[in-house]
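# Descriptive analysis of the structure
Here is how the chains run, residue by residue.
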Amino acid sequence: MICYILLLTASASCTSTRKLSKKFSEQPAVIKAQLSGTAYSNRPEELKTRYTIAHNSLWDKLAAYRLEKDTLPPVSGEAIIRLSLVTDTRLNVEAYQQQQLIAGFAIPVRKRGKYLILEKKRTMIPIPVIYFDVKEAITILAPLKNNRIGIHRYSDHTLWILFFGASNTGRSIEEYSQLNETE
């Protein structure tokens, strides 16, 4: 009986990607022109939120989700990053500096309505009454109504041993501005 209660508690504590998509400074827009080769700043915008703002470049943030882990050339903060949603399962990322293509890669994504899921991992290890472990990591990318692109990363690790429990939750939100073609 206690096992079922713990299992229900853990599955109820899992976070939905829809709930995460509502934490940006603006609501997500429908994925259309904002992911069709549109240029974005490589530097994140300043946000005033209660979540962690990590200030990672867009290039470095997206490079972590590519399948090929080969080396990439360094990209400066002044670089322009172009995002193209080729299919519902593949996003192309290209870096330009002084109108020259520096490098590019593709990352696997899952399209869900108004946002893309970059990562969604969830593991549960239940041993009735003695041990219960839940790990969750979710990252979404969403085009926003204010012509920005937002990346929200959420992670949670909950552990129960006998009747003692602990949890470690972290999240970060970053938004990147769309650039005009004349910039």
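Rules of the game
Residues numbered from 1 in each chain as written. Predicted model: local features only at pLDDT ≥ 70, side-chain atom pairs only at ≥ 80, totals over all residues. Heavy atoms only, no water. Helix = DSSP H or I, 4+ residues; strand = E, 2+ residues; numbered from the N terminus. Buried < 20%, exposed > 50% of the residue type's maximum accessible area, 1.4 Å probe, protein only. Polar contact = N/O pair within 3.5 Å; in protein donor to acceptor, adjacent residues only side chain to side chain. Contact = heavy atoms within 4.5 Å. Phe/Tyr/Trp six-rings, centres within 6.5 Å; stacked < 30°, edge-to-face > 60°. Lys NZ or Arg CZ within 6 Å of the ring centre and 35° of its normal. Salt bridge = Lys/Arg side-chain N within 4 Å of Asp/Glu carboxyl O.

## Regarding the side chain of Arg66
Residue placement: Arg66 occurs in the loop between α3 (58–63) and β2 (80–87). A residue is classified by how much of its surface remains accessible, and Arg66, at 11% relative accessible area, is buried. One polar contact links the side chain of Arg66 to the main-chain carbonyl oxygen of Glu68, over a distance of 2.6 Å. In contact with Arg66, not counting residues within four places along its chain, are Leu72, Phe105, Ala106 and Ile107.

## Notes on the packing of aromatic side chains
Applying the stated criterion across every chain, the model contains one aromatic pair. Lying over the aromatic face of Phe105, Arg66 brings its terminal NZ or CZ to 5.9 Å of the ring centre. When the ring centre of Tyr96 is taken as reference, the NZ or CZ atom of Arg82 above it lies at 5.5 Å.

## Regarding the pattern of salt bridges
Throughout the structure, instances matching the rule amount to eight salt bridges. Here Arg148 ties to Glu45 by a salt bridge, and the two come within 3.7 Å at their closest N and O atoms. With Arg148 in strand β8 (residues 148–161) and Glu45 in the loop between β1 (36–41) and α3, this residue pair connects regions lying 103 residues apart in the sequence. The residue Glu136 makes a salt bridge to Arg122 at a minimum N-O spacing of 2.6 Å. Of the two residues, Glu136 is situated in strand β7 (residues 131–143) and Arg122 in strand β6 (residues 115–127); the sequence distance between them amounts to 14 residues. Owing to a relative accessible area of 4%, Glu136 belongs among the buried residues under this scheme. The exposure class assigned to Arg122 is partly exposed, which follows from its relative accessible area of 35%. Through salt bridges with shared partners, a single network forms among Glu45, Arg148 and Glu175.

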